[in-house]
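# Summary of the model geometry
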Amino acid sequence: MIPGQEPGGGRSPAPVPAPARFVALGDSLTEGLGDPVPGGGWRGWAALLAGALGERPGGVELVNLARSGALAAELAERQLPVARDLGPRFASLVVGANDTLRAAFAIERVAAALDRAHGALSADGAVVLTACLPDPGRMLGLPAPLARPLARRMRAVNTVVHAVSARYQGVHLHLAEHPWVAERACWSVDRLHPSERGHRLLARGFHAALAAAGLPVGTPPALTLDGPPPTRAGSARWMATRGTRWVADRCTDLLPGLLGLALQECRHGLAGSGRLLDAAADRATRAALAALDGADGADGVVHRPGRADAPGSPGGPDDARPGKTTATAKRAATMTG
């Protein structure tokens, strides 16, 4: 029998290629909160983006591992092993906002977790998506003494995300700088999660970043809304259920420490020495990034900037010169995201 022919003489149908995978890691932002679907649950930007990836419609399958409340360390410890087993072509790492809202915030832990996850997924051959995030204090409309410490933390996280993405040549979205971030209609009632419009704009932002990087993408996700608009009744229902619980959790975890930070902020403000707090945060961020140089990743190898599968490319094996990572980290530590 001729290869490719059935016993009756006809040709056997060509095998349908298995879809590539897009594995989304992160917290409630990636889980889709703010973009509900009929019958319960969430859709979100990752699902909208997955439908616009690849050379053909439906050619990329989404596996969303993101979970509400996830911290960077939890992503690296729990979500990363599952993601690597799935062998994704695309992977997203959008996390860090919850870390800034915890009393035990430590930028060095965030940096180590993100470096471990990004390095491992990049070494596996995945295209890794990252984004810097807006300041939660500003989004929540907190008073300045409360908002400034959160803003300082968010700047530190965004600096780390910038540096780690550059280290492994990921596809980065400067979300914190997008004009739509300031539009109230782009955010849900809690002011921390995008509305359906916000999720659609976020998906289109990643789509544009992938296209600019020369990666195969389809038609951009539509901006036409298909979900119900937010209502006052829905807002009240959220506050009576999830919102009240969220506030209670933060009052027992973040609030005592944040009040202490606010008092410290006020004292430095009266003394005109607020720059000392900024300088201390910058030092901590630089130290966290410097600690990544030569650190062993999740796969037990020493990670360097660039993709191991791209010889001769900027930051690739032919460009892995000693000291380059340190220089990149120091420059990135001045960014504010």
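This one's a predicted model, so the numbers in the text were calculated from it and none came from an experiment.

Taken as a whole and judged by the stated rule, the model has 3 aromatic pairs. Among the aromatic side chains, those forming a connected cluster through ring pairs are Phe22, Trp45 and Phe206.

Under the criterion given, the structure shown has 13 salt bridges. The salt bridge partner of Glu196 is Arg43, with a shortest N-O separation of 3.4 Å. Separated by 153 residues along the polypeptide, Glu196 in helix α8 (residues 196-212) and Arg43 in the loop between α1 (28-31) and α2 (45-50) bring together distant segments of the chain. A salt bridge links Asp115 to Arg167, with the nearest nitrogen and oxygen atoms 2.9 Å apart. On the criterion of sequence distance, the pair formed by Asp115 in helix α5 (residues 107-123) and Arg167 in helix α7 (residues 144-167) is long-range, its members being 52 residues apart. This pair shows no difference in class: Asp115 is buried, exactly as Arg167 is. Put simply, Asp35, Arg43, Glu196, Arg200 and Asp226 are held in one network by salt bridges that share partners.

In an α-helix, one turn spans 3.6 residues; hence positions three or four apart end up facing the same way. Here α5 contains 17 residues, and its C-alpha end-to-end distance of 24 Å stays within 8% of the 24 Å for a straight helix at 1.5 Å per residue. In terms of burial, α5 is largely enclosed, as 12 of its 17 residues are buried. The complete set of buried residues in α5 reads Ile107, Val110, Ala111, Ala113, Leu114, Asp115, Ala117, His118, Gly119, Ala120, Leu121 and Ser122.

In this section: unusual backbone geometry. We note that Gln169 has phi near 55 degrees; this positive angle belongs to a residue other than glycine. Inspection of the secondary structure assignment puts Gln169 in the loop between α7 and β5 (171-173).

Time to look at α8. Along its 17 residues, α8 runs 24 Å from first to last C-alpha, staying within 8% of the 24 Å computed at 1.5 Å per residue. The buried fraction of α8 amounts to 12 of the 17 residues, a majority that puts the element mostly inside the structure. Three or more residues of α8 are buried, namely Glu196, Gly198, His199, Arg200, Leu201, Leu202, Ala203, Gly205, Phe206, His207, Ala209 and Leu210. Check the buried side of α8 and you find it contacts α1, α2, β3 (90-94), β4 (127-131) and β5. Phi turns positive one or two residues past the end of α8, at Gly214, with a value near 80 degrees.

One open sheet accounts for 5 strands, arranged β2-β1-β3-β4-β5; its pairing is parallel. Only two strands of the sheet have a single partner each, and these edge strands are β2 (60-64) and β5. Strand-to-strand twist in this sheet, taken as the mean axis angle between neighbours without regard to direction, amounts to 20 degrees. For β3 and β4, the ladder comprises 4 bridges, and the chain directions are parallel. When the sheet's bridge partners are listed, Ala91 is paired in β4 with Val128.

A few words now on the packing of α5 against α7. At a minimum axis distance of 10 Å, the contact between α5 and α7 shows a crossing angle of 25 degrees. By the angle between their directions, the pair α5 and α7 is classed as roughly parallel. Note that α5 runs across α7; the crossing there is right-handed. Listed contacts from α7 to Ile107, Val110, Ala111, Leu114, Asp115 and His118 of α5 are Ala156, Val157, Val160, Val161, Val164, Ser165 and Arg167.

Right, let's talk about the packing of α7 against helix α10 (residues 274-290) for a bit. Running from amino to carboxyl end, α7 crosses α10 at an angle of 30 degrees, the nearest separation of the two axes being 10 Å. Looking at the two axes, α7 sits roughly parallel to α10. In this structure, α7 crosses over α10, and the sense of that crossing is right-handed. Across the interface between the two elements, Arg152, Arg155, Ala156, Thr159, Val160 and Ala163 from α7 touch Leu277, Asp278, Ala281, Thr285 and Leu289 from α10. Residues belonging to the contact of α7 with α10 are distributed by class as follows: 6 nonpolar, 2 polar and 3 charged.

Core analysis: the biggest nonpolar cluster contains 65 residues, and Phe22, Trp45, Leu49, Leu121 and Phe206 have the highest contact counts within it. Looking at this core element by element, the count peaks at 8 residues for α5. Apart from residues no more than four positions distant in its own chain, Trp45 is found in contact with Phe22, Leu29, Thr30, Ser92, Val94, His199, Leu202, Ala203 and Phe206. Residues Leu101, Leu146, Leu150 and Ala262 belong to the second largest nonpolar core, which totals 5 residues.

For the protein, the mean per-residue pLDDT works out to 80, and 73% of the residues sit at or above 70. Throughout residues 297-337 the model reports pLDDT below 50, and contacts reaching past four residues in sequence, or to other chains, amount to 72 contacts.

A few words on the pairing of β4. The buried fraction of β4 amounts to 5 of the 5 residues, a majority that puts the element mostly inside the structure. Covered by surrounding structure in β4 are Val127, Leu129 and Ala131 together with Val128 and Thr130, the residues of both alternating faces.

Conventions and cut-offs
Residues numbered from 1 in each chain as written. Predicted model: local features only at pLDDT ≥ 70, side-chain atom pairs only at ≥ 80, totals over all residues. Heavy atoms only, no water. Phe/Tyr/Trp six-rings, centres within 6.5 Å; stacked < 30°, edge-to-face > 60°. Salt bridge = Lys/Arg side-chain N within 4 Å of Asp/Glu carboxyl O. Helix = DSSP H or I, 4+ residues; strand = E, 2+ residues; numbered from the N terminus. Buried < 20%, exposed > 50% of the residue type's maximum accessible area, 1.4 Å probe, protein only. Expected span 1.5 Å × (residues − 1). Contact = heavy atoms within 4.5 Å. Pairing = 2+ DSSP bridges. Axes fitted to C-alpha atoms, helices over the stretch in contact; angles between N-to-C directions. Parallel < 35°, antiparallel > 145°, perpendicular 65-115°, else oblique. Left-handed = near helix turned anticlockwise from the far one by under 90°. Nonpolar A, V, L, I, M, F, W, Y, C, P; charged D, E, K, R; others polar. Core = buried A, V, L, I, M, F, W, Y, C linked by side-chain atoms within 4.5 Å. pLDDT = per-residue confidence, 0-100.

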